[in-house]
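Structural features, examined
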Amino acid sequence: QSLADRAVGDERPTLRDHYRCQPEIIELSDLLCGYGLRVQTPRRSLARQVPLLAGPVLLQPVRGEQRRAGGSWANPEEVEMVVHLLGQLMRGGIPPGDVAVITPYLGQLELLQRTLRRAGFPVDADHPVDRLLLQERLFDELRPTSLAVGTVHRFQGGERPVVLFSTVVTRPRSLPFLNERVNLINVAVSRAREHLVVVGDPVTLRGGRCTRLLVDKSLHLP
């Protein structure tokens, strides 16, 4: 990076044209990071298949409880809601390989993996195809067939048409973990190409500078 900085001097090129996410999704990244993007993404929606997906950015309110899970946190009520939402998506014909479930917390990830496997969902925790092939659309026959389930950090570089983001937090004192890491929220929202579904407590999320955007810029599901 230092060599590149010296080479370009004050004339550093900036890539501003964006072709991947729906405008409402990447707008969140723009608000978080000030990219100044020119969004060129064609309009796409899966709402005709699944009425649940009524907009590009959705919030599914859950009045759950953030609980200790080893050295991390989990929210069982959010996990139950994720299972319910995935059931709606699958019944609507959305293939598991088009969906990712991500969360900031390892404790929630482990609970999600156990619960989804028990519920019979095909789970691929490593999703190597996302990072190596699917992004570039090089080998259509190698498209994933399982749900991608991971932490936000592990899913950096991946993408799916539909992403469920389980936020976990219900305690205001945990908000700094999310809101002092702008890149964490930026990565989480920008993994979704067509639809981002935020699962969490809107009252708590509104208390954070970054997480407030997830509430204020979304269509709230009943």
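Topic: the nonpolar core
Within the largest apolar cluster, 34 residues are counted, with the highest numbers of intra-cluster contacts made by Leu28, Ile102, Val152, Phe165, Ile185, Leu196 and Leu214. Residue contributions to this core peak at 5 residues, all from helix α7 (residues 182-189). In contact with isoleucine 185, not counting residues within four places along its chain, are Leu32, Phe165, Leu178, Cys210, Thr211 and Leu214. Grouped together as the second largest cluster of nonpolar side chains are 29 residues, Ala74, Leu86, Leu109 and Val162 included.

A closer look at the sheet that holds strand β10 (residues 192-200)
If you trace the 7 strands from one edge of the open sheet to the other, you get β7-β8-β6-β9-β10-β3-β11, paired in parallel fashion. Edge positions in the sheet fall to β7 (123-124) and β11 (219-220), since each has one partner strand and no second. Packed on one face of the sheet, helix α2 (residues 23-33) meets β3 (57-61) and β10 and runs near 65 degrees to β10.

As for the pattern of salt bridges
Within this structure, the stated rule accounts for 10 salt bridges. The closest approach of N and O atoms between aspartate 17 and arginine 38, which form a salt bridge, is 3.1 Å. Residue aspartate 17 is located in strand β1 (residues 17-18), and its partner arginine 38 is located in strand β2 (residues 38-39); the two are separated by 21 residues in the primary sequence. On the accessibility criterion, aspartate 17 (35% relative accessible area) is partly exposed. The closest approach of N and O atoms between arginine 43 and glutamate 24, which form a salt bridge, is 2.9 Å. Placement of arginine 43 in the loop between β2 and β3 and of glutamate 24 in helix α2 is noted, with a sequence separation of 19 residues between them. Several salt bridges converge on common partners, so that one network encompasses Arg20, Glu159 and Arg193.

What about the packing of α2 against α7?
If you want to describe how two helices pack, look at the angle between their axes and the distance between the axes. α7 packs onto α2 with a crossing angle of 165 degrees between their chain directions and a minimal axis gap of 9 Å. Here α2 is positioned roughly antiparallel relative to α7, judged by the angle of their axes. Once α2 is placed against α7, the crossing between them reads as left-handed. On α7, the residues touching Ile25, Leu28, Ser29, Leu32 and Cys33 of α2 are Val182, Ile185, Asn186 and Val189. Looking at the contact of α2 with α7 residue by residue, the class counts come to 7 nonpolar, 2 polar and no charged.

Reading the values: the criteria
- Residues numbered from 1 in each chain as written.
- Predicted model: local features only at pLDDT ≥ 70, side-chain atom pairs only at ≥ 80, totals over all residues.
- Heavy atoms only, no water.
- Core = buried A, V, L, I, M, F, W, Y, C linked by side-chain atoms within 4.5 Å.
- Buried < 20%, exposed > 50% of the residue type's maximum accessible area, 1.4 Å probe, protein only.
- Helix = DSSP H or I, 4+ residues; strand = E, 2+ residues; numbered from the N terminus.
- Contact = heavy atoms within 4.5 Å.
- Pairing = 2+ DSSP bridges.
- Axes fitted to C-alpha atoms, helices over the stretch in contact; angles between N-to-C directions.
- Salt bridge = Lys/Arg side-chain N within 4 Å of Asp/Glu carboxyl O.
- Parallel < 35°, antiparallel > 145°, perpendicular 65-115°, else oblique.
- Left-handed = near helix turned anticlockwise from the far one by under 90°.
- Nonpolar A, V, L, I, M, F, W, Y, C, P; charged D, E, K, R; others polar.

Purely geometric stuff here, so don't read any function into it on its own.
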